[in-house]
Amino acid sequence: DAEHSTPRAELSAVTPAAHSSGMSSASYMPTRAVVVPMYRRPLFPATSAPIVIQDPDFVDFLTELKRPGNVPYVGLFLLREGETELTDVRQLHEVGTLASIDAVVAHV
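Cut-offs applied
- Residues numbered from 1 in each chain as written.
- Predicted model: local features only at pLDDT ≥ 70, side-chain atom pairs only at ≥ 80, totals over all residues.
- Heavy atoms only, no water.
- Helix = DSSP H or I, 4+ residues; strand = E, 2+ residues; numbered from the N terminus.
- Buried < 20%, exposed > 50% of the residue type's maximum accessible area, 1.4 Å probe, protein only.
- Core = buried A, V, L, I, M, F, W, Y, C linked by side-chain atoms within 4.5 Å.
- Contact = heavy atoms within 4.5 Å.
- Arc of directions from axis to C-beta.
- Polar contact = N/O pair within 3.5 Å; in protein donor to acceptor, adjacent residues only side chain to side chain.

Student: Is there a simple way to think about the environment of A49 in this case?
Tutor: Relative to the helices and strands, A49 is located in strand β3 (residues 48-53). On the basis of relative accessibility, which here comes to 22%, the residue A49 falls in the partly exposed class. With 53 residues separating them along the chain, A49 and D102 place their C-alpha atoms 9.8 Å apart.

Student: Just to check I follow, could you spell out the nonpolar core for this structure?
Tutor: Nonpolar side chains in soluble globular proteins tend to end up buried together. Membership of the largest hydrophobic core is limited to 12 residues, which are V36, M38, L43, I51, I53, V59, L62, L65, V74, L76, A99 and I101. Looking at this core, the elements that each hand over two or more residues are β2 (34-38), β3, α1 (56-65), β4 (73-78) and β5 (97-107). Among the elements that make up this core, the one with the highest residue count is α1 (three residues). What V36 contacts, discounting residues up to four positions off in sequence, is I53, F58, V74, G75, L76 and F77.

Student: What is the right way to look at the environment of V95 in this model?
Tutor: Mapped onto the elements, V95 comes out in the loop between β4 and β5. On the accessibility criterion, V95 (70% relative accessible area) is exposed.

Student: Please explain α1 as it appears in this structure.
Tutor: Structural remark: α-helix, 3.6 residues per turn; residues separated by three or four positions point the same way. Listing the buried residues of α1 in full gives V59, L62 and L65. Taken down its axis, α1 places every buried residue within 115 degrees of arc, on the same side. For α1, the side-chain oxygen to backbone nitrogen distance between the N-cap and D57 is 2.9 Å, and the N-cap itself is D55.

And the structure:
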């Protein structure tokens, strides 16, 4: 029921190569990025996809990253097969995708 629903956000992630500002993707390389585990499928470069985040604190954090002056990037890494919850960084594949946060839309 609605009273017990978990707050969620839909995160549209666009990889730097998909930006249409005319700048090279190298111009978008941050020195740090927050790691976001992907549970079902990876996001490949030059693509866009909505990503559902159910942790309300993380939704707030991503919203803060979108504020002017912050660098709105995350590193998306697929969780290894057989893993269902991230408890250690070694559960992630070594190669991921750097993605910019296009929008954070809260859903309740």
